[in-house]
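A structural walkthrough
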Amino acid sequence: MATQQTSAAARVLVAPSVVLLFLWMIVPLAMTLYFSSLRYSLLDAENIGFVGLQNYTAFLSDPDFTSALLNTLILVGSVLAISVGGGILVALLMDQPVFGQNALRLMVIAPFFVMPTVSALVWKNLLMNPDSGLFAWIARSFGLEPVVWFTNYPMLSVIIVVSWEWLPFASLILLTALQSLDEEQKEAAQLDGAGPFSYFFYIVLPHIARAITVVILIETIFLLSVFAEIYVTTGGGPGVATTNIPFLVYKEALLNFDVGSASAGGIVAVVLANIVAIFLMRIVGRNLEG
Amino acid sequence: MGSIQLKSVRKAFGAVSVINGVDLDIKNGEFAVFVGPSGCGKSTLLRLIAGLEDVTSGQILIDGQDATDIGPSKRGLAMVFQSYALYPHMSVRGNIAFALKMAGEKADVIERKVSKAAATLNLTDYLDRKPRQLSGGQRQRVAIGRAIVREPKAFLFDEPLSNLDASLRVQMRVEIGELHNDLKTTMIYVTHDQVEAMTMADKIVVLDRGSVAQVGTPLELYNRPNGLFVAGFIGSPKMNFIGGAPAAKRGAATIGIRPEHVAISTTDGEWPATVRLAEHLGSDTFVHAEGDGLGPLTLRLEGEAPLKPDQRIFVTPREANLHKFDKDGRRID
Amino acid sequence: MAMKQSIGKRVGVTILAWTVAFLIFFPILWTFITSFKSELDAIAMPPKFLFFNWTLENYAEVQSRSNYLKYAFNSIVLSVGANILGLLVAVPAAWAMAFAPGKRTKDLLMWMLSTKMMPAVGVLVPIYLLFRDLGLLDSLWGIGFVLMLLNLPILIWMLYTYFKEIPIDILEAARMDGASLFNEIVYVLTPMAVPGIASTMLLAIILSWNEAFWTLNLATSNAAPLTAFIASYSAPEGFFWAKLSAASTLAIAPILILGWFSQKQLVRGLTFGAVK
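When helices and strands are counted, chain A shows 13 helices and two strands. The C-alpha atoms of chain A give 24 Å as radius of gyration, which overshoots the globular expectation for 290 residues (19 Å, by more than 25%). Considering only C-alpha atoms, chain A reaches an extent of 75 × 75 × 30 Å along its principal axes. Buried residues in chain A amount to 55% of all 290 residues. Pairs at least 24 residues apart make up 68% of the contacts formed inside chain A by residues separated by at least 6 positions. For chain A, the separation between the mean place of its 10 positive charges and that of its 18 negative charges on side chains is 5 Å.

Structure (structure tokens):
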């Protein structure tokens, strides 16, 4: 409800944002689509030509793509499982009446603010280094052989680092959801004789179900494009053991200078992300109604 | 000066018509009350006059000048909102002064006008407080103060008392009435409460589903409602409506009789009935009865009436106060 | 009213909670401690936890060797500058959508959100080539512009949810009081929305500060922020853990402190208002 004057003003005020975002989204995407149909190498810029879907067939049939897709799914799936599962436990713990709750919150949320390049390097060196890392010392003090993390278990190592970054996010959001649970509901459930487990499964879980969904979807969007952690630790290796799709596209574009192939990879990533995005948009959209 | 005229004003939101062609003439200095059930369009009509909504068609004239296409800030009207709409980040002084500042008044003029308004409204001691530090009634006064410093052509009130508790509401009702007597400025007041309408108005405009049902002084509406809607809306408790034989006998499709316009006897009378419930208020007794073949009747007796549930009574309407309506619900004289 | 609990149980839960929180926080604490060690102490086995010669030499070294201040300056300019630009565009847009919504406002909001779903790699190639051809590679303006666009949907969304909580009556009252649209936004809306705008800004700064995909790919030296500065430690020479720790501490400390202040608003911003 508004007058024509205000709606006219509204259109003028929204316009800059819309134009900027439109240009930001549509122009590069159209260019990516266009490039993806070209034979276009920066090393051989004279020799550009239309090749149709050839870049896609090449990219999709490349064994590196298959492994990158698999790596992406493993990375996203494992980090989701760890951060959401762990996040629920941490949130439940933090929701208890403990001493020093605020200080606890600050400690738990802290890793989220650490820039990805820092997290990755700190974990790789200070903690996971097989000679002088803290984990190696712990293993030795139990009389075990230290694990050579990034060489022998490269994917697991990346998963650990990324999970550490995202566990706080899940914990914080789930804690917020938990805290909105009505105290009277807790008391009613107690009076109804619900034990801790039935209380959790019948009252708590349904209450935070929506927050869990939101966490899963938002994390998925970010996890599909994990890049910096791989860039500074394994460089996608050994071999292609930790190359996910963003890293593969980066390699094609800026290391192999193959614009056509990188663009095809980019479009594949867009399609993947959009599948997730549709679900997230539904949930947020439903929220907009209320 | 502050006369307001509406000429065939229509307002539709998309396909939904909210105001269907309203013609209205509010004279300078008049206290006009728009009353009607929720959804009748009374607030929308006020917002159209304020300029907060555009009319779909028709004209709004303020002091005889076409104001239809003028923005709200230039109409020279002041409005008191249901929620008070005080600026939470400004002190009481800042709230009252804001309009003057926007009009580019000089600081000393602003100070003088604000002090005067504050004195009128007993707000002098609160000028430096923030709205959240005030009680409901004080906030209401600030909202009024914000309106009066502008010396507007007319005041618009949008259900200003509905957020106050009952006793404060009565007090503020009186204060607004006194303010009108002092300022003699045109006021348009929207309410769903017919008691407020009856007590405050020079002129009541009853609205029904986006149209004017009747315009008149409070007593005109009480004594001569022009149809079933106004008859049922004005007056408390509600008028009793009776169809069938008793109406046909008097040449009407429906007859209406107010609860206070009946005689009750335990021995004989026109309509036999059974008492369901008697509410003893001390000054009055409200009797809810079931008339034989007539349906529920509400009756109002002065003083204490010794009636009990299930008791048989006889109800006789006073012919002089009987209202007759035809089959379309219009008044028959 | 909390559930009835014995003090003993409460102490037990407290110890457990503090242990878990400590483990989660430990890598940051360890980095902080290591930053004050000599390089030899940093790789000592068994590790030295508190009893070593505390020194500030790493901080001095980091600055003299790799010019930390230049990168920090770039990070500040990029994250603050990009979001001030962003706010200038986002505040009017959020006003319009919150207070003068049209039939398509909801679709528009959803569309803006959807631009956030676009994976960066999908547009890396054209943006890289465009930047190369326009001479924007490694320039603060170019990267700042990208960071602004990245955050614009979040800015608009957060502001929108904050503005929605402001009763429209108050803005209408300002209109009735004779305020122009400009005065209405400046004198009435903005002061009321300051807390919301501040926390929006805070979140956006945190996100920009830590953004690592575009900054690593588009900046090489002149415009490189701290993300790139740290990345340069991934292929080091000689002993470097203490220096890495010092550099890391410097890179994360400002944003960690900002983040702690804004954690309440964070939830709402990161979930686009879906969890409050």
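By way of backbone hydrogen bonds, the strands of a sheet pair with one another, either parallel or antiparallel. All names here are of chain B. Pairing is antiparallel across the open sheet formed by four strands, whose spatial order is S11-S12-S18-S19. The open sheet has two edge strands with one neighbour each: strand S11 (240-242) and strand S19 (331-332). Examined bridge by bridge, strand S12 (residues 254-257) and strand S18 (residues 323-325) share three bridges and lie antiparallel to one another. Counted as the bridge partner of Thr254 is Phe325 from S18.

Residue and element names in this part refer to chain B. Strand order across the open sheet formed by five strands is S13-S17-S14-S15-S16, with antiparallel pairing between neighbours. The outermost strands of the open sheet, each flanked by one partner alone, are strand S13 (262-265) and strand S16 (295-302). Each strand axis lies, on average, 40° off the axis of its neighbour in the sheet, ignoring direction. As paired elements, S13 and strand S17 (residues 312-317) share four bridges and run antiparallel to each other. Counterpart to Ser265 in the pairing with S17 is Phe314.

Residues and elements named next belong to chain A. Counted at 1.5 Å a residue, the expected span for helix H8 (residues 154-179) with its 26 residues is 38 Å, and the 38 Å between its end C-alpha atoms agrees. Of all the bends found along H8, the most pronounced is centred on Trp166 and spans about 30°, while Pro168, a proline, follows it within four residues. With 23 of its 26 residues buried, H8 lies for the most part within the structure.

Counting residues at the interface gives 109 residues for chain C, matched by 98 residues for chain A. Both faces considered, chain C and chain A share a buried interface measuring about 9300 Å² in area, 81% of it formed by carbon and sulfur atoms. Inspection of the chain C/chain A interface yields zero salt bridges. For the interface between chain C and chain A, the tally reads eight residue pairs in polar contact (both at pLDDT 80 or more). Among the elements that take part in the side of chain C that touches chain A, helix H1 (residues 7-34) of chain C stands out by supplying 18 residues, more than any other. A breakdown of the residues in the side of chain C that touches chain A according to their chemical character gives 85 nonpolar, 17 polar and seven charged.

Time to look at the environment of Leu127 of chain B. Residues and elements named next belong to chain B. Its place among the elements puts Leu127 in the loop between helix H3 (107-120) and helix H4 (136-148). Exposure remark for Leu127: the relative accessible area of 7% places this residue in the buried category. Separated by 80 residues in sequence, Leu127 and Leu207 have C-alpha atoms that sit 39 Å apart. If we ignore the near neighbours within four places in the chain, the residues touching Leu127 are Ser91, Val92, Arg93, Val114 and Ala118.

The accessible area lost on association of the parts is a frequent measure of interface size. On the chain C side, the residues contacting the 22 residues of chain B number 15 residues. Summed over the three residues of chain B that lose the most area to chain C, namely Tyr87, His89 and Met102 of chain B, the buried surface amounts to 30% of that side. Where chain B packs against chain C, one counts two salt bridges. For the salt bridge of Glu172 of chain C with Arg47 of chain B, the shortest nitrogen-to-oxygen distance reads 2.6 Å. The interface formed by chain B and chain C includes eight residue pairs in polar contact (both at pLDDT 80 or more). Elements with a contribution of two residues or more to the side of chain B that touches chain C: helix H1 (42-50), strand S6 (77-80) and helix H2 (92-102) of chain B. By residue class, the composition of the side of chain B that touches chain C is 16 nonpolar, three polar and three charged.

On to the nonpolar core. If you look at the biggest cluster of nonpolar residues, it comprises 242 residues, and the most contacted ones within it are Phe34 of chain B together with Trp95, Phe163 and Trp214 of chain C. Counting residues in hydrophobic clusters, the runner-up holds 43 residues, among them Leu100, Leu161, Val230 and Ile234 of chain B.

All names here are of chain C. With respect to the secondary-structure elements, Tyr68 resides in helix H4 (residues 68-99). Residues Tyr68 and Ala253 lie 185 residues apart in sequence; the distance between their C-alpha atoms is 14 Å. Every residue in contact with Tyr68, bar those within four places of it in the chain, is listed here: Val62, Gln63, Leu226, Phe229, Leu250 and Ala251.

With the rule as written, the count across this model stands at 10 cavities of 30 Å³ or more. Of the voids in this model, the largest cavity is the one considered here, and its volume is about 970 Å³. Surrounding the largest cavity, 42 residues form its lining, Trp166, Phe222 and Ser225 of chain A together with Lys116 and Glu211 of chain C being those nearest its centre. Per element, the largest residue contribution to the lining of the largest cavity is six residues, and it comes from helix H7 (residues 140-164) of chain C.

Take the packing of aromatic side chains next. Taken as a whole, this structure holds 35 aromatic pairs over all chains when the rule is applied. Considering the side-chain rings of Phe227 of chain A and Tyr250 of chain A, the 5.0 Å spacing of their centres and the 75° angle between planes classify their relative orientation as edge-to-face. In this pair, Phe227 of chain A is assigned in the loop between helix H10 (196-223) and helix H11 (228-233) and Tyr250 of chain A in helix H12 (residues 245-255), connecting sequence segments 23 residues apart. Residue Phe227 of chain A is classed as buried on the basis of its relative accessible area of 2%. Consider the rings of Phe32 of chain C and Phe36 of chain C, whose centres lie 5.2 Å apart with planes at 85°: the pair is edge-to-face. Residue Phe36 of chain C is classed as buried on the basis of its relative accessible area, which comes to 14%. What links up through ring pairs into an aromatic cluster is the set Trp24, Phe227, Tyr231, Phe247 and Tyr250 of chain A together with Phe213 and Trp214 of chain C. Cation over ring: Arg146 of chain B sits above Tyr87 of chain B, and NZ or CZ is 4.7 Å from the ring centre.

This next bit is on the domain arrangement of chain C. Residues and elements named next belong to chain C. Each assigned domain of chain C is listed here: domain 1 (7-57) and domain 2 (67-270). The straight-line distance from the C-alpha centre of domain 1 to that of domain 2 is 33 Å. Contact with domain 1, which involves 12 residues of that partner, is made by 12 residues of domain 2. Both faces considered, domain 1 and domain 2 share a buried interface measuring about 920 Å² in area, 76% of it formed by carbon and sulfur atoms. For the pair domain 1 and domain 2, the interface holds zero salt bridges. Linking domain 1 to domain 2 there are zero residue pairs in polar contact (both at pLDDT 80 or more). When contributions to the side of domain 1 that touches domain 2 are tallied by element, the ones reaching two or more residues are H1 and helix H2 (39-42). The element that contributes the greatest number of residues to the side of domain 1 that touches domain 2 is H1, accounting for five residues. For the side of domain 1 that touches domain 2, the class distribution of residues is six nonpolar, four polar and two charged.

On the surface, a nonpolar cluster with roughly 390 Å² of combined accessible area is contributed by Val19, Phe22, Leu23, Ile26 and Val27 of chain A. Here Val27 of chain A shows up in helix H1 (residues 4-35).

The rules behind these values
- Residues numbered from 1 in each chain as written.
- Chains lettered and ligands numbered in written order.
- Predicted model: local features only at pLDDT ≥ 70, side-chain atom pairs only at ≥ 80, totals over all residues.
- Heavy atoms only, no water.
- Helix = DSSP H or I, 4+ residues; strand = E, 2+ residues; numbered from the N terminus.
- Rg over C-alpha atoms; globule rule 2.2 N^0.38 Å.
- Buried < 20%, exposed > 50% of the residue type's maximum accessible area, 1.4 Å probe, protein only.
- Contact = heavy atoms within 4.5 Å.
- Lys, Arg positive; Asp, Glu negative; His and termini not counted.
- Charge placed at Lys NZ, Arg CZ, Asp CG, Glu CD.
- Pairing = 2+ DSSP bridges.
- Axes fitted to C-alpha atoms, helices over the stretch in contact; angles between N-to-C directions.
- Expected span 1.5 Å × (residues − 1).
- Bend = angle between axes of the 7 residues up to and from the residue.
- Buried area = accessible area lost by both parts, 1.4 Å probe.
- Salt bridge = Lys/Arg side-chain N within 4 Å of Asp/Glu carboxyl O.
- Polar contact = N/O pair within 3.5 Å; in protein donor to acceptor, adjacent residues only side chain to side chain.
- Nonpolar A, V, L, I, M, F, W, Y, C, P; charged D, E, K, R; others polar.
- Core = buried A, V, L, I, M, F, W, Y, C linked by side-chain atoms within 4.5 Å.
- 1 Å grid on protein atoms, 1.4 Å probe; cavity = no way out; pocket = protein on both sides within 12 Å on 5 of 7 lines; lining within 4 Å.
- Points joined across faces, edges and corners; volume = space filled by probe spheres on them.
- Phe/Tyr/Trp six-rings, centres within 6.5 Å; stacked < 30°, edge-to-face > 60°.
- Lys NZ or Arg CZ within 6 Å of the ring centre and 35° of its normal.
- Domains from an automatic or database assignment.
- Patch = residues over 30% accessible without salt bridge, like charges linked within 9 Å, V, L, I, M, F, W, Y side chains within 5 Å.
- Areas by Shrake-Rupley, 256 points an atom, 1.4 Å probe, with all protein chains shown as cover.

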